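Listed here are the chains, written in short residue letters.
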Amino acid sequence: MESEKLKNRTKEFAHRCIKLAVALPDTQLGRHIHGQLIRCSTSVASNYRAACIAQSKASFVAKLSIVLEETDESAFWLEFIIDEKLLKKELVEALLRESEELTAIFIASRKTARKAKN
(Lines give C-alpha, C1' and ligand atoms only; values in the text may rest on other atoms or scores of the structure.)
Protein backbone atom coordinates (compact mmCIF):
# COMPACT_ATOMS: atom_id res chain seq x y z
CA MET A 1 0.00 0.00 0.00
CA GLU A 2 1.41 3.38 -0.93
CA SER A 3 2.30 5.79 1.86
CA GLU A 4 -0.28 8.46 0.96
CA LYS A 5 -3.14 5.95 1.13
CA LEU A 6 -1.84 4.61 4.43
CA LYS A 7 -1.53 8.16 5.82
CA ASN A 8 -5.20 8.69 5.01
CA ARG A 9 -6.17 5.30 6.38
CA THR A 10 -4.41 5.89 9.70
CA LYS A 11 -5.93 9.36 10.01
CA GLU A 12 -9.39 7.94 9.31
CA PHE A 13 -8.72 5.26 11.94
CA ALA A 14 -7.95 8.01 14.46
CA HIS A 15 -11.12 9.94 13.57
CA ARG A 16 -13.24 6.81 13.95
CA CYS A 17 -11.64 5.97 17.31
CA ILE A 18 -12.30 9.51 18.56
CA LYS A 19 -15.97 9.24 17.58
CA LEU A 20 -16.19 5.90 19.38
CA ALA A 21 -14.42 7.30 22.46
CA VAL A 22 -16.87 10.20 22.64
CA ALA A 23 -19.72 7.66 22.75
CA LEU A 24 -18.31 5.90 25.85
CA PRO A 25 -20.30 6.23 29.07
CA ASP A 26 -19.44 9.08 31.43
CA THR A 27 -18.10 6.77 34.17
CA GLN A 28 -14.63 6.54 35.69
CA LEU A 29 -13.77 3.62 33.39
CA GLY A 30 -15.39 5.25 30.36
CA ARG A 31 -13.43 8.46 30.88
CA HIS A 32 -10.17 6.54 31.36
CA ILE A 33 -10.61 4.52 28.15
CA HIS A 34 -11.79 7.67 26.34
CA GLY A 35 -8.45 9.35 26.97
CA GLN A 36 -6.34 6.26 26.33
CA LEU A 37 -8.04 5.40 23.04
CA ILE A 38 -7.82 8.95 21.73
CA ARG A 39 -4.14 9.16 22.69
CA CYS A 40 -3.00 5.89 21.12
CA SER A 41 -5.16 6.06 17.97
CA THR A 42 -4.06 9.60 17.11
CA SER A 43 -0.48 8.53 17.79
CA VAL A 44 -0.85 5.86 15.09
CA ALA A 45 -1.60 8.53 12.49
CA SER A 46 0.88 11.15 13.66
CA ASN A 47 3.78 8.73 14.06
CA TYR A 48 3.11 7.11 10.68
CA ARG A 49 3.36 10.57 9.10
CA ALA A 50 6.64 11.08 10.95
CA ALA A 51 7.91 7.70 9.69
CA CYS A 52 7.18 8.78 6.12
CA ILE A 53 9.63 11.67 6.42
CA ALA A 54 12.27 9.79 8.41
CA GLN A 55 15.79 10.81 7.51
CA SER A 56 17.24 7.31 7.68
CA LYS A 57 16.20 3.67 7.46
CA ALA A 58 16.92 3.27 11.18
CA SER A 59 14.69 6.23 12.01
CA PHE A 60 11.95 4.83 9.77
CA VAL A 61 12.09 1.44 11.50
CA ALA A 62 12.05 3.10 14.94
CA LYS A 63 9.02 5.24 14.08
CA LEU A 64 7.25 2.26 12.53
CA SER A 65 7.84 0.35 15.76
CA ILE A 66 6.07 3.12 17.69
CA VAL A 67 3.20 3.03 15.18
CA LEU A 68 2.93 -0.72 15.66
CA GLU A 69 2.85 -0.42 19.46
CA GLU A 70 0.18 2.28 19.35
CA THR A 71 -1.95 0.30 16.88
CA ASP A 72 -1.76 -2.73 19.13
CA GLU A 73 -2.66 -0.61 22.16
CA SER A 74 -5.67 0.75 20.28
CA ALA A 75 -6.75 -2.84 19.63
CA PHE A 76 -6.37 -3.58 23.35
CA TRP A 77 -8.69 -0.72 24.35
CA LEU A 78 -11.23 -1.68 21.67
CA GLU A 79 -11.22 -5.26 22.98
CA PHE A 80 -11.58 -3.92 26.53
CA ILE A 81 -14.63 -1.87 25.52
CA ILE A 82 -16.21 -5.06 24.20
CA ASP A 83 -15.15 -7.13 27.24
CA GLU A 84 -16.62 -4.58 29.66
CA LYS A 85 -19.74 -4.16 27.51
CA LEU A 86 -19.33 -0.39 27.52
CA LEU A 87 -20.71 -0.18 23.98
CA LYS A 88 -22.50 -2.65 21.75
CA LYS A 89 -20.07 -5.10 20.20
CA GLU A 90 -21.40 -4.26 16.73
CA LEU A 91 -20.26 -0.63 17.15
CA VAL A 92 -16.68 -1.68 17.93
CA GLU A 93 -16.04 -4.74 15.75
CA ALA A 94 -15.26 -2.97 12.45
CA LEU A 95 -12.79 -0.68 14.18
CA LEU A 96 -11.17 -3.62 15.94
CA ARG A 97 -10.78 -5.39 12.56
CA GLU A 98 -9.21 -2.25 11.13
CA SER A 99 -6.71 -2.11 14.00
CA GLU A 100 -5.82 -5.76 13.35
CA GLU A 101 -5.35 -5.09 9.63
CA LEU A 102 -3.19 -2.05 10.33
CA THR A 103 -1.12 -4.09 12.79
CA ALA A 104 -0.49 -6.73 10.10
CA ILE A 105 0.49 -4.04 7.57
CA PHE A 106 2.93 -2.41 9.99
CA ILE A 107 4.49 -5.73 11.02
CA ALA A 108 5.10 -6.58 7.36
CA SER A 109 6.43 -3.08 6.61
CA ARG A 110 8.85 -3.21 9.52
CA LYS A 111 10.15 -6.63 8.45
CA THR A 112 10.67 -5.38 4.90
CA ALA A 113 12.42 -2.22 6.11
CA ARG A 114 14.70 -4.20 8.42
CA LYS A 115 15.70 -6.53 5.58
CA ALA A 116 16.41 -3.57 3.30
CA LYS A 117 18.50 -1.98 6.06
CA ASN A 118 20.77 -5.01 6.38
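Residues numbered from 1 in each chain as written. Predicted model: local features only at pLDDT ≥ 70, side-chain atom pairs only at ≥ 80, totals over all residues. Heavy atoms only, no water.

**Student:** Quick rundown of the environment of Glu98? Include the residues and the values.
**Tutor:** Within the element layout of this structure, Glu98 appears in helix α4 (residues 89-117). Separated by 25 residues in sequence, Glu98 and Glu73 have C-alpha atoms that sit 13 Å apart. Residue contacts for Glu98: discarding those within four places in its chain leaves Arg9, Phe13 and Arg16. (Helix = DSSP H or I, 4+ residues; strand = E, 2+ residues; numbered from the N terminus. Contact = heavy atoms within 4.5 Å.)

**Student:** Quick rundown of the nonpolar core? Include the residues and the values.
**Tutor:** If you look at the biggest cluster of nonpolar residues, it comprises 26 residues, and the most contacted ones within it are Leu20, Leu24, Leu37, Leu78, Ile81, Val92 and Phe106. Of all the secondary structure elements, the ones that give two or more residues to this core are α1 (3-22), α2 (28-52), α3 (57-83) and α4. The biggest single contributor to this core is α3, with 8 residues. Not counting chain neighbours up to four residues away, the residues in contact with Phe106 comprise Leu6, Thr10, Val44, Tyr48, Leu64, Val67, Leu68 and Thr71. (Core = buried A, V, L, I, M, F, W, Y, C linked by side-chain atoms within 4.5 Å. Buried < 20%, exposed > 50% of the residue type's maximum accessible area, 1.4 Å probe, protein only.)

**Student:** Got a sec to walk through the pattern of salt bridges? Specific residues and values, please.
**Tutor:** One pass over the full model with this rule turns up 7 salt bridges. With a closest N to O distance of 2.6 Å, Glu101 and Arg9 form a salt bridge. Pair noted here: Glu101 is in helix α4 and Arg9 is in helix α1, with a separation of 92 residues, a long-range link. The partner of Glu70 in a salt bridge is Arg39, with the nearest N and O atoms 3.1 Å apart. Of the two residues, Glu70 is situated in helix α3 and Arg39 in helix α2; the sequence distance between them amounts to 31 residues. By relative accessible area, Glu70 is classed as buried at 12%. Among the charged side chains, a salt-bridge network with shared partners connects Arg9, Glu98 and Glu101. (Salt bridge = Lys/Arg side-chain N within 4 Å of Asp/Glu carboxyl O.)

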